[in-house]
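# Fold and contact review
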Amino acid sequence: MNERLLEIESWGTTDVGMKRRLNEDVFEIDETVGAYIVADGMGGHSAGEVASRLAVDAIVRYLRERIARVGENTWPDHWDTDRSAPGNLLADAIVAGHRAVLAAVGRDTDLKGMGTTVVAAVLDRRQGRLIIGHVGDSRAYRFREGTLELLTEDHSWVHEQVREGNLSEEAARTHPLKNVVTQALGGSAEPAVDILETDTAAGDLYLLCSDGLNTMLTDEEIERILADASGLPEAGQNLVIAANEHGGNDNITVVLLKVVELQPGT
Ligand code: CA
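## Some details on the sheet that holds strand E2 (residues 25-30)
- The antiparallel open sheet is built from five strands, whose spatial order is E2-E3-E4-E5-E8. Since the sheet does not close on itself, it has two edges, and those belong to E2 and strand E8 (194-199), each with one partner. The mean inter-strand angle of the sheet, taken between neighbouring strand axes irrespective of direction, is 10°.
- Strand direction decides the pairing type here: E2 and strand E3 (residues 35-42), joined by six bridges, are antiparallel. If you follow Asp-25 over to E3, its bridge partner there is Asp-40.
- Packed on one face of the sheet, helix H2 (residues 85-107) meets strand E4 (115-124), strand E5 (129-135) and E8 and runs near 30° to E5.

This is the structure we're talking about:
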């Protein structure tokens, strides 16, 4: 079977929102390794932005050191047999991000208590698969043939309540404890990274976002904006505008990926 010739078009932005003074979100697009990352930092003073930046830089460094491109020449440090080599590699990279945050806290007690969520996607070009890893409540969605689907499960207190039937999705979105995550990078325990490996189809759109987007907009609102936009920049900008119009209570970060299948010979 011929290798599929997949490429990803991407676009990202981060916005401080309407209420916060600082932007503690960070995003990174690294086309060399094919990695796309959103991190949402937390912590006193400006420690949150330190945590998210440290984690993202460590994840990218880890991936760069071990691969030219994900899916080629990879051998992760640990081996989870439920995961592909790139899946194992991404999980290890996210744990490396956790350790970088933890090490910084160890060096500077002013940074104590800082942490960050992360959601990261890497393209396995050889298999035509997208590998998504996350810790915390930053999300990945897929928009395929007009329908939006949430791919990740938040590591958050409200999500646990939804799963146990104590809260509705709508109530969770506006709950006073909606920001409480059950695990993060930089916490005292090493995070259990969720890894999802999914096939891709030409035309698929993937959205990585911080909770400042999905607590301001319902999934239906996000779906409509993606359906109406004519390109990634327009889609991303309209998502941020809409989240701010709905209050912009938190920092808003959006990374969009579009899967493009190249025809042989092009
Ligand atoms: Ca946030």
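## Quick notes on a nonpolar patch on the surface
- Among the surface-exposed residues, Trp-157, Leu-177 and Val-180 lie close enough to one another that they form a single nonpolar patch of about 230 Å² accessible area.
- Along the polypeptide, Val-180 turns up in the loop between helix H4 (169-174) and E8.
- A residue is classified by how much of its surface remains accessible, and Val-180, at 39% relative accessible area, is partly exposed.

## Comments concerning the nonpolar core
- One finds Leu-63, Ile-94, Met-114 and Val-118 to be the most contacted residues of the largest nonpolar core, which totals 34 residues.
- Beyond its immediate stretch of four places on either side in the chain, Leu-63 contacts Val-33, Ala-35, Leu-89, Ala-93 and Val-122.

## Looking at the side chain of Thr-200
- Considering the arrangement of structural elements, one finds Thr-200 in the loop between E8 and strand E9 (205-209).
- For Thr-200, the side chain forms a polar contact with the main-chain oxygen of Gly-128, separated by 2.7 Å.

## With respect to the pattern of salt bridges
- What the rule picks out here adds up to 15 salt bridges.
- The closest approach of N and O atoms between Arg-53 and Asp-57, which form a salt bridge, is 3.0 Å. A residue pair is termed a helical-turn pair when its members lie 3 or 4 positions apart in one helix, as Arg-53 and Asp-57 do in helix H1 (residues 47-66) at four residues.
- Relative accessible area serves as the criterion here: at 32%, Asp-57 is assigned to the partly exposed category.
- The salt bridge partner of Asp-154 is Arg-139, with a shortest N-O separation of 2.9 Å. Pair noted here: Asp-154 is in the loop between strand E7 (147-150) and helix H3 (157-163) and Arg-139 is in strand E6 (residues 139-144), with a separation of 15 residues, a long-range link. Both residues of the pair, Asp-154 and Arg-139, count as buried.
- Counted as one network, the salt bridges with shared partners bring together Glu-28, Arg-53 and Asp-57.

## Comments concerning helix H7 (residues 232-245)
- Over its 14 residues, H7 extends 20 Å from the first C-alpha to the last, a length consistent with the 20 Å expected when each residue adds 1.5 Å.
- Taken as a whole, H7 has its buried residues at Leu-232, Ala-235, Gly-236, Leu-239, Val-240, Ala-242, Ala-243 and Asn-244.
- In this fold, the buried residues of H7 make contact with strand E1 (6-15), E9, helix H5 (211-214), helix H6 (219-228) and strand E10 (252-261).
- Following H7 by one or two positions, Gly-247 has its phi on the positive side, about 130°.

## Focus on the pairing of E6
- Burial within E6 is extensive, with five of its six residues counted as buried.
- Sheet topology places E6 next to E7; four bridges connect them, and they run antiparallel. What sits directly across from Phe-143, in E7, is Leu-148.
- Counted between consecutive antiparallel strands, the loop separating E6 from E7 contains two residues, among which Glu-145 sits at a positive phi close to 50°.

Conventions we followed
- Residues numbered from 1 in each chain as written.
- Predicted model: local features only at pLDDT ≥ 70, side-chain atom pairs only at ≥ 80, totals over all residues.
- Heavy atoms only, no water.
- Pairing = 2+ DSSP bridges.
- Helix = DSSP H or I, 4+ residues; strand = E, 2+ residues; numbered from the N terminus.
- Axes fitted to C-alpha atoms, helices over the stretch in contact; angles between N-to-C directions.
- Contact = heavy atoms within 4.5 Å.
- Patch = residues over 30% accessible without salt bridge, like charges linked within 9 Å, V, L, I, M, F, W, Y side chains within 5 Å.
- Areas by Shrake-Rupley, 256 points an atom, 1.4 Å probe, with all protein chains shown as cover.
- Salt bridge = Lys/Arg side-chain N within 4 Å of Asp/Glu carboxyl O.
- Buried < 20%, exposed > 50% of the residue type's maximum accessible area, 1.4 Å probe, protein only.
- Core = buried A, V, L, I, M, F, W, Y, C linked by side-chain atoms within 4.5 Å.
- Polar contact = N/O pair within 3.5 Å; in protein donor to acceptor, adjacent residues only side chain to side chain.
- Expected span 1.5 Å × (residues − 1).

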